[in-house]
Structure formats: C-alpha cells, structure tokens
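Residue-level structure breakdown
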Amino acid sequence: MQGYRKRKCLGMLLLCILWMPEQVPAATETVFLPITLEYPFIQSVLVHQLYTAEGERAIIIDERQGDCIHIELSTPEVSRERSLIKVGNRIRIRAGVPVLETCTGMFEWEGYIEVYLRLVLDEKRWQARFQTVDSRISAVDGGPVIIADKLWDLIKAHVHPYLNQVTIELAPPRQEVKAFLPLVFPPEEQLNVQRWLDTLRLGPVQI
C-alpha cells in the first residue's frame, strides 16, 4: 500500500487535478495545488481493481453464470486521446443461446477494443472515477473489422459499465497537505492556516 500511494505523486504533468481554496477574509488570491496522476499509475489502478484474473485479464462476464456469454479483456494500455483517457485492450467474446442447461450455437470472436473515458470528480467523497464516452474496435493486428449488432450490444451492455467502476482516492494527498503545511508556519499563524486548509476543494481536471 505504501508503494501504491507513492506512485500517486510522481513527476510528469500528464493528468492534473487542481485544488482551489476558496477565499477567506485573510486571503487575497486563489492558490492552485496540482496533483499529478501519471498514465502508468492509472494503468496500475485499473489492473489492481478490475484486471484481477491471471495474466492481467478482466473476466467481465462468464458463460458459467448461466447467460452463455463470456467476455474478457487483457493487456490494458492507458494513453490519451485529446481530452479523454484511452484504454486499449485485447477483447475476447464467446456467446451462444441457453437451451435448458446447455449453451448452443456458440461462436467466438477476438479483437482489439479502445475505450474512451472521461474523468469525473466526486467532490463530496474526494474521488475520481471514469465515465465511458465511446469505444472503437479493430482486428487484433489493428486492421478494420465489422461485427454484428448483437456483439456491439454485448460490448455496450457489459464492457462500458465494467470500466466505469474504477475509482481513484484523492483524500490521502489532501490529508498529507493538511498535515505538512502547518509545520512551515509559526504558532501564531496556525489558526489562520487551519481555516485556509478547510477551504480546500477540488478544481478542474486537465488531461
């Protein structure tokens, strides 16, 4: 857990969440305190929360649950697409028709899917979560592919909500700031510092 939290504050300004303290009587301006979340860190959060099967696979739905549908994602890659976060995965779908206690007419398809996510802030819980905006599929080698509408329906019904489950905790960095800053002020300023720290709130996201 300690290493997990340390990675949260590493280097490049790839993703920045800004804290904007509201002005108090003694304040003269808004101060921005950036939190940097690198894409490798976001990828590690994805793997830790969702890709829990062996080989960094995410078993979204399993045909043994009685629906005759198996969908899994693997080898996630996180990057940027304009103002969105792009998560690329290999995807494997196996589906059939449930008849009594068996699955008939089973077929299987494997390809590549890119899911485009918007980062949404929950100010009350001090969390960041993902919201799926769109997705695009291709062949495993990156070439174009055409799939049936039913496959698209399965992807939208299961893959999109699955990735929306990811959350990133932002409260620990806030607590670290609130614990550290008072140490650099003299005792007579502590009350004002605490009042200022109580105005910390989440600001805009920059990708």
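All values reported here derive from a predicted model rather than from experimental measurement. (Residues numbered from 1 in each chain as written. Predicted model: local features only at pLDDT ≥ 70, side-chain atom pairs only at ≥ 80, totals over all residues. Heavy atoms only, no water.)

Here we take up the pattern of salt bridges. Side chains that differ in charge, positive against negative, can pair when their charged atoms come close. Scanning the entire structure with this criterion turns up nine salt bridges. Between Glu72 and Arg57 there is a salt bridge, and its shortest N-O distance comes to 3.4 Å. Taken together, the residues Glu72 in strand 4 (residues 69-81) and Arg57 in strand 3 (residues 57-61) connect sequence positions 15 residues apart. On the basis of relative accessible area, Glu72 is assigned to the buried category, the value being 9%. For Glu108, the salt bridge is made with Arg92, and the minimal N-O distance between the two is 2.7 Å. On the criterion of sequence distance, the pair formed by Glu108 in strand 6 (residues 102-122) and Arg92 in strand 5 (residues 84-99) is long-range, its members being 16 residues apart. When salt bridges that share partners are traced, they join Glu81, Lys86, Glu114 and Arg136 into one network. (Salt bridge = Lys/Arg side-chain N within 4 Å of Asp/Glu carboxyl O. Helix = DSSP H or I, 4+ residues; strand = E, 2+ residues; numbered from the N terminus. Buried < 20%, exposed > 50% of the residue type's maximum accessible area, 1.4 Å probe, protein only.)

For the protein chain, per-residue confidence averages 82 on the pLDDT scale, and 85% of positions sit at 70 or higher. Ranking the helices and strands of the protein chain by mean pLDDT puts strand 3 first, with 94, and helix 1 (residues 2-6) last, with 39. Note on residues 1-24: pLDDT under 50 across the span, and 90 contacts to partners over four residues away in sequence or across chains. (pLDDT = per-residue confidence, 0-100. Contact = heavy atoms within 4.5 Å.)

The antiparallel open sheet is built from six strands, whose spatial order is 3-4-5-6-7-8. The open sheet has two edge strands with one neighbour each: strand 3 and strand 8 (167-169). Direction aside, the axes of adjacent strands within the sheet are offset by 35 degrees on average. Relative to strand 8, strand 7 (residues 127-138) runs antiparallel, the two sharing three bridges. Pairing of Gln127 across the sheet is with Glu169, part of strand 8. Sitting on the sheet, helix 3 (residues 149-163) touches strand 3, strand 4, strand 5, strand 6 and strand 7, and the angle it makes with strand 7 is about 155 degrees. (Pairing = 2+ DSSP bridges. Axes fitted to C-alpha atoms, helices over the stretch in contact; angles between N-to-C directions.)

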